[in-house]
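Report on the structure
Next come the chains, spelled out residue by residue.
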Amino acid sequence: MALSYQCIARDGLWDNNVVLTQQLALCPALAVTGTATNGLGMGLATTAVLTLANVIVASFRNAVSPEVRIPVFVVVIATLVTLVDLFLNAWLHDLHKVLGLFIALIVVNCAILGRVESFASKNTMVPALADGLAMGIGFTLAMVALGGVREILGSGTLFADAHLLLGSSFAFLELVLIPDYKGFLLMILPPGGFLALGFLLAGRRVLMRRAERRALAADPGLSGAGA
Amino acid sequence: MTETVLSGSRSRIPYQSGLLGLVSTLAAALLVGANLVTREPIAQREAEDLRASLAQVVPDALHDNNLLADTVDIRDGAQVTRVYRARRQGAVSAVAYRMVAQGYSGDIVLLLGVAPDGSILGVRVLSHAETPGLGDRIEAQKSDWILGFSGLSLDNPATAGWAVKKDGGVFDSFSGATITPRAVVAGIRRGLELYRAHRRELNDATGSAAPPR
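The present account deals with the structure reproduced in this document. Not measured: the values here are computed from a predicted model. (Residues numbered from 1 in each chain as written. Chains lettered and ligands numbered in written order. Predicted model: local features only at pLDDT ≥ 70, side-chain atom pairs only at ≥ 80, totals over all residues.)

**Digging into the overall build of chain B**
Secondary structure summary: chain B contains four helices and five strands in total. Mapped from its N terminus to its C terminus, chain B presents α and β elements in the order α-α-β-β-β-β-β-α-α. Against the 2.2 N^0.38 benchmark of 17 Å for 213 residues, chain B shows a C-alpha radius of gyration of 25 Å, more extended than a compact globule. Considered along the principal axes of its C-alpha atoms, chain B spans approximately 85 × 45 × 30 Å. In chain B, buried positions account for 29% of the 213 residues. (Helix = DSSP H or I, 4+ residues; strand = E, 2+ residues; numbered from the N terminus. Rg over C-alpha atoms; globule rule 2.2 N^0.38 Å. Buried ≥ 20, exposed ≤ 12 C-beta atoms within 10 Å, placed from the backbone.)

Structure representation (structure tokens):
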């Protein structure tokens, strides 16, 4: 299978984005995106596990028989998550205090099993690494967008407490967009997650539609092929 | 050649169970190793966290001992509460312990610091899952409501006053969230009652210090 890295990157970031297109991993996506910072933290932790799982599975994919592949992949992913959790807790304890809640959630992130199953088990290690990074970054961007929208509408801030996650040098990210905002609780609570995600999906579709129309206008010959 | 041999045996049950066993064994070995390596640092980090929260309810000036090393477990029915004792020149100058209150959504873990006369030195919320924006005003970072308990005791206000205003007590509740402050007030009151019941035992200066963990 000839796969260009450009294709992989495009797939992960936009065309086949975990949240926006595949609509996988919605449990963690909706659960933790009360703020953009939380979305970023969850996204980064997931990216790390996703990339590692992809590479490890790709490295011994030929030895895994199809009948037992799912339990093998699940064991690999669960082990990775537990290792990341232990190491963060021991040596990056402040980060763990912020991310700790999300790390356990990564185990139930079906996007990881999905990528391992649909990509890493059929490709060599380097493309699997690229796919893990691209999918992870795409997921992170979607999480930050979702968290950002909910945080701005819900509490009038953006990237609150970012210094806890990224260190004090990133304190400049913390913005108060609407001073003296009373807050709009609905957006921070779970229903707000569904609402914000719905609007994000709709917004993405509008963009895609517009791009399609523009492509048609530029080259009318395509109209016969367009469905 | 090897590929075909491999794919032939791959579909057999022994190969599959062997593979599953091997993967699980490797995973277990990795986890055991990681646990051994990280156990000590994690315990250290957690002790630091605990020390930091204890310092919020028991001022450093009150003690010259290590609170974590001077603990006593008190029994109240089936409930065992670990109490950290602060001493100055051998005499107990304060105690601190956790209380769990039933909040709107799950447990609210409180840390109480109590002076020998039974008055509160400080209260902090260690963890909770209350509604953000409503119930989370019990956190010291979000509002100074929780600081209002310092200096109070079971006699101040009198027992009937240990409730939120809505229930005829003296404590404010937040608009939109009554259950959370009600739970915290009840938890603190239970904490003080626990202290009163075990006062002598806790302030016994000669009492042997329990070994750390």
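**Re the interface of chain B and chain A**
In this assembly, 21 residues from chain B lie in contact with 22 residues from chain A. Of all elements in the fold, only α1 (2–10) and α2 (13–57) of chain B reach the threshold of two or more residues within the side of chain B that touches chain A. Across the side of chain B that touches chain A, the residue classes tally to 13 nonpolar, six polar and two charged. (Contact = placed C-beta atoms within 7 Å. Nonpolar A, V, L, I, M, F, W, Y, C, P; charged D, E, K, R; others polar.)

**Some thoughts on the nonpolar core**
Of all hydrophobic cores here, the largest spans 53 residues; its most connected members are A:Val49, A:Ala53, A:Phe139, A:Ala142, A:Met143 and A:Leu146. Look past the residues within four positions of A:Ala142 in its chain and what remains in contact with it is A:Asn17, A:Val18, A:Val19 and A:Leu20. Counting residues in hydrophobic clusters, the runner-up holds 38 residues, among them B:Val58, B:Leu110, B:Val114 and B:Val123. (Core = buried A, V, L, I, M, F, W, Y, C linked by C-beta atoms within 7 Å.)

**What to know about the packing of helix α3 (residues 36–59) of chain A against helix α5 (residues 93–106) of chain A**
Residue and element names in this part refer to chain A. Between α3 and α5, whose axes approach to 9 Å, the crossing angle comes to 45 degrees. Comparing the axis directions of α3 and α5 gives the class oblique. You can see that α3 and α5 cross each other, and the crossing is right-handed. Side by side, α3 and α5 meet where Gly 41, Met 42, Ala 45, Thr 46 and Val 49 of the first sit next to Val 98, Leu 99, Phe 102, Ile 103 and Ile 106 of the second. Tallied by class, residues from the contact of α3 with α5 come to eight nonpolar, two polar and no charged. (Axes fitted to C-alpha atoms, helices over the stretch in contact; angles between N-to-C directions. Parallel < 35°, antiparallel > 145°, perpendicular 65-115°, else oblique. Left-handed = near helix turned anticlockwise from the far one by under 90°.)

**Observations regarding helix α3 (residues 179–197) of chain B**
Three- or four-residue spacings in an α-helix give side chains the same orientation, since the helix completes a turn every 3.6 residues. Residue and element names in this part refer to chain B. Along its 19 residues, α3 runs 27 Å from first to last C-alpha, staying within 8% of the 27 Å computed at 1.5 Å per residue. Thr 180, Pro 181, Arg 182, Ala 183, Val 184, Val 185, Gly 187, Ile 188, Gly 191, Leu 192, Leu 194 and Tyr 195 are the residues of α3 that are buried. Elements in contact with the buried residues of α3: β1 (71–76), β2 (79–88), β3 (91–103), β4 (106–114), β5 (120–127) and α4 (199–203). (Expected span 1.5 Å × (residues − 1).)

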